[in-house]
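Per-entry structural report
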Amino acid sequence: MSPSQKHDPAAYAAADLAHVWHHLVQHQALAGKGPMIVVEGEGLTLRDINGKEYLDATSGGVWCVNVGYGRERIARAVYEQMKAMPYYAATAGNIPYIEFAQKLLAHMPGLTRAYLSNSGSEANEKAYKMVRSLAHLSGNPAKKKILFRARDYHGTTLGALSSTGQAERKEWFGPLVPGFVEFPHACCYRCAFNKTYPGCDIDCARAVERIIEQEGPETVGGLIVEPITAGGGVIPPVAEYYTVLADICRRHGVLLIMDEVVCGMGRTGTMFGYQHYGVTPDIVTMAKGVASAYMPISVTATTEEVFKAFLNDPADKMAYFRDISTYGGCAAGCSAALENMAIIEEEKLLDNVNAMGDYLLAGLKELGDLPYVGDVRGKGLLCGIELVQDKAGKKPMAEGKVIQVVGEMAANAVLVGRTNRSLPGFNNIINIAPAYVVTGDNIDVILRTLRAALGKVLG
Ligand code: PMP
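What counts and what doesn't
- Residues numbered from 1 in each chain as written.
- Predicted model: local features only at pLDDT ≥ 70, side-chain atom pairs only at ≥ 80, totals over all residues.
- Heavy atoms only, no water.
- Helix = DSSP H or I, 4+ residues; strand = E, 2+ residues; numbered from the N terminus.
- Expected span 1.5 Å × (residues − 1).
- Buried < 20%, exposed > 50% of the residue type's maximum accessible area, 1.4 Å probe, protein only.
- Near = heavy atom within 4 Å.
- Polar contact = N/O pair within 3.5 Å; in protein donor to acceptor, adjacent residues only side chain to side chain.
- Areas by Shrake-Rupley, 256 points an atom, 1.4 Å probe, with all protein chains shown as cover.
- Nonpolar A, V, L, I, M, F, W, Y, C, P; charged D, E, K, R; others polar.
- Disulfide = S-S within 2.5 Å.
- Salt bridge = Lys/Arg side-chain N within 4 Å of Asp/Glu carboxyl O.
- Axes fitted to C-alpha atoms, helices over the stretch in contact; angles between N-to-C directions.
- Parallel < 35°, antiparallel > 145°, perpendicular 65-115°, else oblique.
- Left-handed = near helix turned anticlockwise from the far one by under 90°.
- Contact = heavy atoms within 4.5 Å.
- Pairing = 2+ DSSP bridges.
- pLDDT = per-residue confidence, 0-100.
- Phe/Tyr/Trp six-rings, centres within 6.5 Å; stacked < 30°, edge-to-face > 60°.
- Lys NZ or Arg CZ within 6 Å of the ring centre and 35° of its normal.

It is worth spelling out helix α9 (residues 203-215) at this point. Between its terminal C-alpha atoms α9 stretches 18 Å, which fits the 18 Å expected from 13 residues at 1.5 Å a residue. Of all the residues in α9, the buried ones are Asp203, Cys204, Ala205, Ala207, Val208, Glu209, Ile211 and Ile212. Gly216 lies just past α9 and shows a positive phi near 100 degrees.

Structure representation (structure tokens):
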């Protein structure tokens, strides 16, 4: 008997509605029907409690389960490690942590250290705490501000949220943490400067220098970006963008932090998103793909230069990085991350991400003939289509309509994502990010179902 058969759907739905508080959900909308209750999966196939099968083109709802469902070898590795030694605080070393750090950093030329925690938000908080500590350690105690980009998301904790460029997510949670300063997004389709690439001279990146000068370079210690904005609308910046940005950071002594929480571990076709752009960040954070969400684990990776700054005064008992997360470096989590990386390498999954990513993007671009598909963007298996009410005016499609399209697809057994409570009026982008094992046939189904759902809802 499969797990989906042994549960009583009605009883679980009632208990869920009575006791579970879902994330990012208006519970009133669930009344009467309840949420989808997921039970088991294999590859891209997800089965709910009623036995209905979906083709999951979201990798677990929020671009996480990169190697697909049902990976027994990850489960086995975690089981073996738990039996041997589940956990000891990261004040000590453990074998999977050491092996994982070594293997991971081999993919990140220029970076040498891995500091582990449990979630993307936490990984970013660590980065901010490093920047702020470094201000003291380098004798520039005012150099603590951190710049962030409009439309980027960096997490749920108050520091990470304060550095998020999505107004709707911040509403009600203030007062926010001071010392975070926003700069313009890099979305050509809605250029913040009303310019057109390449004639724009990448003004969106150059604007950062003006902001640093306005704030005072002696007050700015770090700058965080998603290499490719994910939840804020799938926005790959143009090719030269990051060389311009990295140069500005270097000249002003500002540490460049790449939030690879979504892009990291191959989602965009290179191991890390920034590797498309020929730059080396000072700090890289990652989470979702680290163990494909089989275990909660995140990383803040740094250069040796960042690490060494914390060794600068051995007599000073306060000079080390005074931070701990209880579960950071958990041995069982690290064994999942190691196995996840082995799968990506052994199965040459990045080749598939590139081949299938190109195929998906080309298929989505064919939808550009529809009057309400304003823009199609993506890299690797991180793709999005922006829906508009009219192509000339680019007025965003009403969120209700986008919800209907996503719902219609789910009714037809294909799960896709959408921008959700990110920018006022801009919850109009549908995200497609299947697991790395996706096939051409899977993509044909996704595209066919999407075209049909768009036609049914939007005419
Ligand atoms: N950064 C990015 C780019 C993300 O997409 C997310 C999660 N959606 C986070 C950080 C925060 O990660 P977590 O939810 O694991 O704290």
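Further notes follow.
Taken together, the residues surrounding the ligand are Ser119, Gly120, Ser121, Asn124, Tyr153, His154, Gly155, Glu226, Asp259, Val261, Val262 and Lys288. Here a nitrogen atom of the ligand sits 2.7 Å away from a polar atom, N or O, in the side chain of Asp259. Protein burial of the ligand: of its 400 Å² of free accessible surface, 82% is covered by the chains. A total of 3 residues in the shell around the ligand trace back to one element, the largest contributor, which is helix α6 (residues 120-137). Of the residues belonging to the shell around the ligand, the class tally is 3 nonpolar, 6 polar and 3 charged.

Right, let's talk about the state of the cysteines for a bit. Counting across every chain of the model gives 0 disulfides. Counting only cysteine sulfurs, Cys188 is the nearest neighbor of Cys187, a cysteine outside any disulfide, at a range of 7.0 Å. We classify Cys187 as buried; its relative accessible area is 3%. Just so you know, Cys334 is unpaired, no disulfide at all, and the nearest cysteine sulfur is the one on Cys330, 6.8 Å from it. Among the residues examined, Cys334 registers a relative accessible area of 0% and is labelled buried.

Within the structure shown, the criterion is met by 26 salt bridges. We note a salt bridge from Glu215 to Lys145, for which the minimum N-O separation is 2.7 Å. Residue Glu215 is found in helix α9, and its partner Lys145 is found in strand β5 (residues 145-149); the two are separated by 70 residues along the sequence. Bridged by salt links that share partners, the residues Glu122, Lys126, Lys129 and Asp323 form one connected network.

This part covers the packing of helix α4 (residues 72-84) against helix α12 (residues 331-346). Two elements in contact, α4 and α12, have axes separated by 8 Å at closest approach and are oriented at 150 degrees. One finds that α4 runs roughly antiparallel with respect to α12. Judged by the twist between their axes, the crossing of α4 over α12 is right-handed. Between α4 and α12, the residues in contact are Arg73, Ile74, Ala77, Val78, Gln81 and Met82 and Ala331, Ala332, Ser335, Ala336, Glu339, Asn340, Ala342, Ile343 and Glu346, respectively.

The end-to-end C-alpha distance of α12, which contains 16 residues, comes to 22 Å, matching closely the 22 Å that a straight helix rising 1.5 Å per residue would cover. A positive phi of about 50 degrees marks Lys348, the residue just after α12.

Take the sheet that holds strand β2 (residues 45-48) next. The mixed open sheet is built from 4 strands, whose spatial order is β1-β2-β3-β14. The sheet is open, and its two edges are formed by β1 (38-42) and β14 (414-415), each paired on a single side. Examined bridge by bridge, β1 and β2 share 4 bridges and lie antiparallel to one another. Bridge pairing in β2 links Glu42 to Thr45.

Let us look at the packing of helix α13 (residues 349-366) against helix α15 (residues 440-458). Two elements in contact, α13 and α15, have axes separated by 10 Å at closest approach and are oriented at 20 degrees. What the angle tells us is that α13 and α15 run roughly parallel. The interaxial crossing formed by α13 with α15 has right-handed handedness. Residue-level contacts link Met356, Tyr359, Leu360, Gly363, Leu364 and Glu366 of α13 to Gly440, Ile443, Asp444, Leu447, Leu450 and Arg451 of α15. Of the residues assigned to the contact of α13 with α15, the class counts are 7 nonpolar, 2 polar and 3 charged.

Spatial ordering of the open sheet is given by β4-β10-β9-β8-β7-β5-β6, a layout of 7 strands whose pairing is mixed. Single-partner strands in this sheet number two, and they are β4 (113-117) and β6 (180-183). For this sheet, the mean inter-axis angle between neighbouring strands, taken without regard to orientation, is 20 degrees. Where strand β7 (residues 220-225) and strand β8 (residues 255-259) come together, 4 bridges link them in parallel fashion. Counted as the bridge partner of Gly222 is Leu255 from β8. Relative to β6, α9 is tilted by about 150 degrees, and along the sheet it contacts β5, β6 and β7.

When pLDDT is averaged along the protein, the result is 95; 97% of the residues meet or exceed 70. Confidence, read as mean pLDDT per element, is least for helix α1 (residues 3-6) in the protein (61) and greatest for strand β9 (residues 283-286) (99). Scored as a whole, the predicted complex attains pTM 0.97, and scored at its interfaces, ipTM 0.99.

Right, let's talk about the packing of aromatic side chains for a bit. Tallied over the full model, the rule gives 7 aromatic pairs. Look at Tyr241 and Tyr242: their rings are 4.9 Å apart centre to centre, the planes differ by 85 degrees, and that puts the pair in the edge-to-face class. When its relative accessible area of 0% is taken as the criterion, Tyr242 is described as buried. With 6.0 Å between their ring centres and 20 degrees between their planes, Phe272 and Tyr274 make a pair best called stacked. Residue Phe272 shares its accessibility class with Tyr274, and that shared class is buried. Residue placement shows Arg113 over the ring face of Phe307; its charged tip is 3.7 Å from the ring centre. In this arrangement the basic side chain of Lys394 is found over the ring face of Tyr189, its NZ or CZ atom lying 4.3 Å from the centre.

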